[in-house]
Amino acid sequence: MADIPPEQSLIQYPSAFPIKVMGEKVDGFVAALISVAQQFDPAFDAATVELRPSSGGKYLGVTLTVTATSREQLDELYRTLSTHPMVKVVL
């Protein structure tokens, strides 16, 4: 990806940035996501996590709101979440 000058970014840094993650509803899924979020945002507050089970109950949608400090931080966070074995989708 080409570097976008900060003045052309659609995101103002730092800012609260919600990331939606979907995966199977299994023990340890939410804890694993919180651990990843804290790697990229040490001040991440686990109490802000929003959970939405799928209608059939097999999957869980999780919204993590991190403090975004740069495009590079968000790119790396998305990469880390996307490659996590418990994660199906990152939006």
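Cut-offs and rules
Residues numbered from 1 in each chain as written. Predicted model: local features only at pLDDT ≥ 70, side-chain atom pairs only at ≥ 80, totals over all residues. Heavy atoms only, no water. Patch = residues over 30% accessible without salt bridge, like charges linked within 9 Å, V, L, I, M, F, W, Y side chains within 5 Å. Areas by Shrake-Rupley, 256 points an atom, 1.4 Å probe, with all protein chains shown as cover. Salt bridge = Lys/Arg side-chain N within 4 Å of Asp/Glu carboxyl O. Helix = DSSP H or I, 4+ residues; strand = E, 2+ residues; numbered from the N terminus. Buried < 20%, exposed > 50% of the residue type's maximum accessible area, 1.4 Å probe, protein only. Pairing = 2+ DSSP bridges. Axes fitted to C-alpha atoms, helices over the stretch in contact; angles between N-to-C directions. Polar contact = N/O pair within 3.5 Å; in protein donor to acceptor, adjacent residues only side chain to side chain. Parallel < 35°, antiparallel > 145°, perpendicular 65-115°, else oblique. Left-handed = near helix turned anticlockwise from the far one by under 90°. Contact = heavy atoms within 4.5 Å.

A cluster of nonpolar side chains, namely Met 22, Tyr 59, Val 89 and Leu 91, defines an oily patch on the protein surface of about 340 Å² accessible area. Locating Leu 91 in the fold gives a position in the segment after strand S4 (87–90). The exposed category is assigned to Leu 91, whose relative accessible area is 59%.

Next up on the list: the sheet that holds strand S2 (residues 50–53). Whether parallel or antiparallel, the strands of a sheet pair through hydrogen bonds between backbone atoms. As summarised here, the arrangement of the 4 strands in space is S2-S3-S1-S4, forming an open sheet in which the pairing is antiparallel. A single partner strand is all that each edge strand has here, and the edge strands are S2 and S4. Across the sheet, the mean angle separating the axes of adjacent strands is 25° when strand polarity is ignored. Taken together, the 4 bridges between S2 and strand S3 (residues 59–68) define a ladder with antiparallel strand orientation. Opposite Glu 50, over in S3, you have Thr 63 as the bridge partner.

Moving on: the pattern of salt bridges. In total, this model carries 4 salt bridges according to the counting rule given. Put simply, Glu 24 and Lys 88 hold a salt bridge, and the shortest N to O gap is 3.7 Å. Residue Glu 24 is located in strand S1 (residues 15–24), and its partner Lys 88 is located in strand S4; the two are separated by 64 residues in the primary sequence. Close ionic contact of Arg 52 with Glu 50 constitutes a salt bridge, the shortest N to O distance being 3.2 Å. By relative accessible area, which is 35% here, Glu 50 ends up partly exposed.

Further remarks concern the side chain of Ser 70. In this structure, Ser 70 sits in the loop between S3 and helix H2 (71–82). Overall, the relative accessible area of 19% leaves Ser 70 in the buried class. Looking at Ser 70, its side chain comes within polar contact range of the main-chain nitrogen of Gln 73, at 3.0 Å.

At a minimum axis separation of 10 Å, helix H1 (residues 29–40) and H2 run at an interaxial angle of 155°. Here H1 is positioned roughly antiparallel relative to H2, judged by the angle of their axes. Regarding H1 and H2, the two cross each other, and that crossing is right-handed. Two secondary-structure elements touch here, H1 through Leu 33, Val 36 and Phe 40 and H2 through Gln 73, Glu 76, Leu 77, Thr 80 and Leu 81.

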